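Coordinates in review
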Amino acid sequence: MMAEELQESYKSLYLIHNKQTHQYVTDLVFILDFDSRIKHFSASTQDYPGLNPASMLGVPFTKYLDKKSKISWKELLVKPLEYPQQINLQLKVHKKLSLPVTFFLNELKLEANQNYLMLTGVRLINILKQGEKRIGSASPHLTTEEPQTKSVLKREVDVRIIKEIHDHILTHLDQSLISLKDLAHNFGTNEYKLKKGFKELYGTTVYRFQMEERLKKAALLLESTKIQVKVISKLVGFTDVAHFSRSFKKKYGYSPSQLRKMR
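This structure is a prediction, so every number in the text was calculated from the model and none was measured. (Residues numbered from 1 in each chain as written. Predicted model: local features only at pLDDT ≥ 70, side-chain atom pairs only at ≥ 80, totals over all residues. Heavy atoms only, no water.)

**Comments concerning the overall build of the protein**
If you tally the helices and strands in the protein, you get ten helices and five strands. Within the protein, buried positions represent 37% of all 263 residues. Intrachain contacts of the protein at a sequence separation of at least 6 include 57% that bridge at least 24 residues. Carbon together with sulfur atoms contributes 55% to the accessible area of the protein, which is approximately 16100 Å² in total. (Helix = DSSP H or I, 4+ residues; strand = E, 2+ residues; numbered from the N terminus. Buried < 20%, exposed > 50% of the residue type's maximum accessible area, 1.4 Å probe, protein only. Contact = heavy atoms within 4.5 Å. Areas by Shrake-Rupley, 256 points an atom, 1.4 Å probe, with all protein chains shown as cover.)

Now the structure itself:
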């Protein structure tokens, strides 16, 4: 690992550093029909106490908005839209507590005669300040000689590499991952930093993230297309339909064929 770190340090001398200081981070994604009913949603909804993933499918999105936001939402849909549209809404996370979220609304065309609305909730973060917090958040009981953080992402280039690997996985869901060691080296980092850094940034492992995204894409295809189940399983990287069905049922509580019958 030390040899890999030294090698990476020399490589970074010749890298073009990303000067970006701020970045939008996606928190929530909802797929809605044109009656504003929830057809699909991202796994991050489970991080919001007011959102119950087990009972959200088919429910009007406005159920999770406060009174003022319901009015704003209805006013937005009344007039002709030019996508994308930005709208600030308050999500109800408790009876008397709401959370402000900036959403971007886009039209999602999956079939010639079937369109959906994609609602993406984002927040703006300062990448440099986050890095400073990771590096400089020392306990008052620690001396300067002691390690001040357990973060492995101590440089801007480290964060950028992990994000590139994240995007690579999303755009190659139909392909099996090579070993983490080879994947890391292909992007100019090492296996240890990939494992720890990915978990630090996204709260999950590389392989678990790939599986979650494969199943989310499969659910969307099952709901919005007429593609056969066995074909969808291949499109999302499963070589065995039975394995696909078991994994899908474990995540959602029903099989792919059962979901298709619910449409």
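Continuing now.
**Quick notes on the pattern of salt bridges**
Per the counting criterion, the structure on display carries six salt bridges. Across the pair arginine 155 and aspartate 158 runs a salt bridge, and its minimum N-O distance is 3.1 Å. For arginine 155, a relative accessible area of 31% corresponds to the partly exposed category. Relative accessible area serves as the criterion here: at 2%, aspartate 158 is assigned to the buried category. Residues glutamate 164 and arginine 160 are paired through a salt bridge, measuring 2.8 Å at the closest nitrogen-oxygen approach. A residue pair is termed a helical-turn pair when its members lie 3 or 4 positions apart in one helix, as glutamate 164 and arginine 160 do in helix H4 (residues 156-170) at four residues. Several salt bridges share partner residues, and in doing so they unite Arg155, Asp158 and Lys193 into one network. (Salt bridge = Lys/Arg side-chain N within 4 Å of Asp/Glu carboxyl O.)

**What to know about the packing of aromatic side chains**
Geometry of an aromatic ring pair is reported as the spacing of the ring centres plus the angle between the planes. Under the defined criterion, the tally for this structure stands at eleven aromatic pairs. Three or more aromatic residues joined by ring pairs form one cluster here, namely Phe238, Phe244, Phe248, Tyr252 and Tyr254. Positioned above the aromatic ring of phenylalanine 238 is the side chain of arginine 214, whose terminal nitrogen or guanidinium carbon lies 5.9 Å from the ring centre. Between lysine 251 and the ring centre of tyrosine 252, over which it is positioned, the NZ or CZ distance is 5.2 Å. (Phe/Tyr/Trp six-rings, centres within 6.5 Å; stacked < 30°, edge-to-face > 60°. Lys NZ or Arg CZ within 6 Å of the ring centre and 35° of its normal.)

**A closer look at the side chain of serine 36**
Relative to the helices and strands, serine 36 is located in the loop between strand E1 (22-32) and strand E2 (38-41). The exposure class of serine 36 is buried, given its relative accessible area of 7%. Here the side chain of serine 36 touches tryptophan 73 through a polar contact of 3.1 Å, side chain to side chain. Residues contacting serine 36, with those up to four places away along its chain left out, are Val59, Pro60, Phe61, Trp73 and Leu77. (Polar contact = N/O pair within 3.5 Å; in protein donor to acceptor, adjacent residues only side chain to side chain.)

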